[in-house]
Amino acid sequence: MSDSAALLSAQRVTYRYPGASSDALRDVSLEIRPGAFHAVLGPNGSGKTTLLRVALGLVAPSEGIADIAGRPAPAWSRRELAQVVGVVAQREDNLFPQRVRETVSLGRYSHLSLWGAEQPADRAAVTQALERCDALSLEGRWIWTLSGGEYQRVRLARALAQEPRLLVLDEPTASLDVRHEMQLFELVRALVDRHGLSVLMITHHVNLAARFADRALLLADGRTAAEGAPGSVLTREMVERVFAWPVAIEPFDGRPQMIPLRQPKESA
């Protein structure tokens, strides 16, 4: 695959969940190229996570195709895929008492031999991942002692320990406060700019996506509402139509920022 070829591509995919009366996705396309930060936006139920599942080959579309690094997404084994794509899922239950370094080391499973013996290269990859996420000082802590922001950095470090070319994050700032939200977006942007990583992020944070992402895909009712640079996607007319709420769009640092407006009071 050439350096400029898409790492992940979903072309005109349609998907309907078994027993559903309508499509969860309809004729949606997405393309992630090396060194790009791509955000997927939209209201609840717009198809964001379903698109992610189709693109990663977890479910098969009824129409369209999904490729990863030039191969059909369903053709990848989970072990092979983990060497190309690192995923930070929306929800995760930590059922085992582990320290931070042990948790991040789990990201190396796809690189281990049949006997699972950790090699110096594996330990180096874990250390580097912790350093990139500013989490090396946490390596001896128990997972259950971490704050929400610290735990998200550790989960991100575990994905980076896989040494992927594409990082996929599904609502990574859920339940985080403003400082930790900003820290995570700054970290992800730095991974793109300094290390050439590609990023696909599903998020409800329209304004942060507009500030940090290179491109945005806006979904509505399982269909593409708009796609392109954030400035061309997040217009007042488009945002009001998709989110069904009046807004103002103001520029900040050259990027559009959405301000939800109050509904006018009805006259007595």
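Each value, and the rule that gives it
- Residues numbered from 1 in each chain as written.
- Predicted model: local features only at pLDDT ≥ 70, side-chain atom pairs only at ≥ 80, totals over all residues.
- Heavy atoms only, no water.
- Buried < 20%, exposed > 50% of the residue type's maximum accessible area, 1.4 Å probe, protein only.
- Helix = DSSP H or I, 4+ residues; strand = E, 2+ residues; numbered from the N terminus.
- Pairing = 2+ DSSP bridges.
- Right-handed = clockwise from strand over helix to strand, strands pointing away.
- Axes fitted to C-alpha atoms, helices over the stretch in contact; angles between N-to-C directions.
- Contact = heavy atoms within 4.5 Å.

Novice: Tell me about the pairing of strand S8 (residues 198-202), and name the residues and values.
Specialist: Counting buried positions along S8 gives five out of five residues, so the element sits mostly inside the fold. Because side chains alternate across S8, one face comprises the buried residues Ser-198, Leu-200 and Ile-202, and the other comprises Val-199 and Met-201, equally buried. As defined by bridge partners, strand S3 (residues 37-41) adjoins S8 across four bridges and the pair is classed as parallel. Of the residues in S8, the one forming a bridge with Ala-39 is Met-201. Pairing analysis gives five bridges linking strand S7 (residues 166-170) to S8, with the strands arranged parallel. By the bridge assignment, Leu-166 is partnered in S8 with Ser-198. Chirality of the crossover, the property in question, places the unit of S7, helix H6 (residues 178-195) and S8 among those that are right-handed.

Novice: Can you explain the sheet that holds S8? Please cite residues and give values.
Specialist: Ordered by their spatial adjacency, six strands build an open sheet running S6-S7-S8-S3-S9-S10, and the pairing between neighbours is mixed. Strand pairing shows two members of the sheet lacking a second neighbour, strand S6 (85-88) and strand S10 (223-228), which therefore form its edges. Across this sheet, the average inter-strand angle for adjacent strands is 15 degrees, counted without regard to direction. The sheet strands contacting helix H9 (residues 236-243) are strand S9 (215-220) and S10, and the helix crosses S9 at an angle near 40 degrees.

Novice: Describe unusual backbone geometry, with residues and values.
Specialist: The phi dihedral of Ala-69 is positive, around 50 degrees, even though this residue is not glycine. Mapping Ala-69 onto the fold places it in the loop between strand S4 (63-68) and strand S5 (71-72). With a phi angle near 55 degrees, Glu-163 is a residue other than glycine that sits in the positive phi range. With respect to the helices and strands, the residue Glu-163 is situated in the loop between helix H5 (148-161) and S7. Residue Glu-163 is classed as partly exposed on the basis of its relative accessible area, which comes to 42%.

Novice: Tell me about the sheet that holds strand S2 (residues 25-32), and name the residues and values.
Specialist: A sheet is described by the order of its strands in space; here four strands give the open sequence S2-S1-S4-S5, paired in antiparallel fashion. Strands with a single pairing partner mark the edges of an open sheet, and in this sheet they are S2 and S5. Pairing of strand S1 (residues 8-15) with S2 involves five bridges; the strand directions are antiparallel. Pairing of Leu-8 across the sheet is with Ile-32, part of S2. Strands in contact with helix H1 (residues 48-55) are S1, S2 and S4; relative to S1, the strand with the most contacts, it is inclined by about 120 degrees.

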